[in-house]
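Structural characterization, general
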Amino acid sequence: MIDKTTTIAELQQKAASFINERNWRQFHGAKNLSMAITLEAAELMEIFTWARDQKEAAQLVEEKKEAVKHELADIVFATLVFCDEFNIDLSEAIIEKIAHNAKKYPIEKAKGMNKKYNEL
Ligand SMILES: [Mg+2]
């Protein structure tokens, strides 16, 4: 497990090096990168398209672990590149968003519920 020792900054640096070595920054506007994030998420979903229930989907995670890992990596990679391109501090964004969601979904109303905040 290198998650515990690898920082987002280190991953962002690796992604930036990969991009710079290929001179791909010229293709990385907000439109292109946001589409890339969505398309990679769709590739992850494609793996589970025909699963009949959560149990079958969980089995597919095990059977197709490499493909699942690769699509997750593609999503995060595109996200890191977007953040790098537009000077967005991803750690700060995640921390802010969790705090924002905690207000939208107070424990006393949201615990055990699968409804949207405006339906609680
Ligand atoms: Mg992919």
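My aim in this report is to walk through the structure given alongside it, one point at a time. What you see is a predicted model; the values in this text were computed from it and never measured.

1. Comments concerning the coordination of the magnesium ion
Glu40 (OE), Glu43 (OE), Glu71 (OE) and Asp74 (OD) make up the full set of protein donors to the magnesium ion, lying at 2.0 to 2.2 Å. Between the donor residues of the magnesium ion, the gaps in sequence give the motif E-x2-E-x27-E-x2-D. Here the residue Glu43 occupies a position in helix 2 (residues 30-47), and Glu71 occupies one in helix 4 (residues 65-85), the gap between them amounting to 28 residues. Assessed through its relative accessible area of 32%, Glu43 is described here as partly exposed.

2. Considerations on the packing of aromatic side chains
We describe a pair of aromatic rings using the distance from one ring centre to the other and the angle between the two ring planes. All told, the structure shown has 4 aromatic pairs when counted by the stated rule. Seen in terms of ring centroids, Phe18 and Trp24 are 5.7 Å apart; in terms of plane orientation they differ by 75 degrees. Their pairing is edge-to-face. Seen in terms of ring centroids, Tyr105 and Tyr117 are 6.0 Å apart; in terms of plane orientation they differ by 90 degrees. Their pairing is edge-to-face. Of this pair, Tyr105 sits in the loop between helix 5 (90-104) and helix 6 (107-110) while Tyr117 is found in the segment after helix 6, placing the two residues 12 residues apart along the sequence. Three or more aromatic residues joined by ring pairs make a cluster, and in this case those are Phe18, Trp24 and Phe77. For Arg22, the ring lying beneath its charged end belongs to Phe18, and the centroid distance is 3.7 Å. Taking the ring centre of Trp24 as reference, the NZ or CZ of Arg22 above it sits at 6.0 Å.

Analysis parameters
- Residues numbered from 1 in each chain as written.
- Predicted model: local features only at pLDDT ≥ 70, side-chain atom pairs only at ≥ 80, totals over all residues.
- Heavy atoms only, no water.
- Donors = N, O, S within 2.8 Å, 3.2 Å for Na, K, Ca; no water.
- Helix = DSSP H or I, 4+ residues; strand = E, 2+ residues; numbered from the N terminus.
- Buried < 20%, exposed > 50% of the residue type's maximum accessible area, 1.4 Å probe, protein only.
- Phe/Tyr/Trp six-rings, centres within 6.5 Å; stacked < 30°, edge-to-face > 60°.
- Lys NZ or Arg CZ within 6 Å of the ring centre and 35° of its normal.

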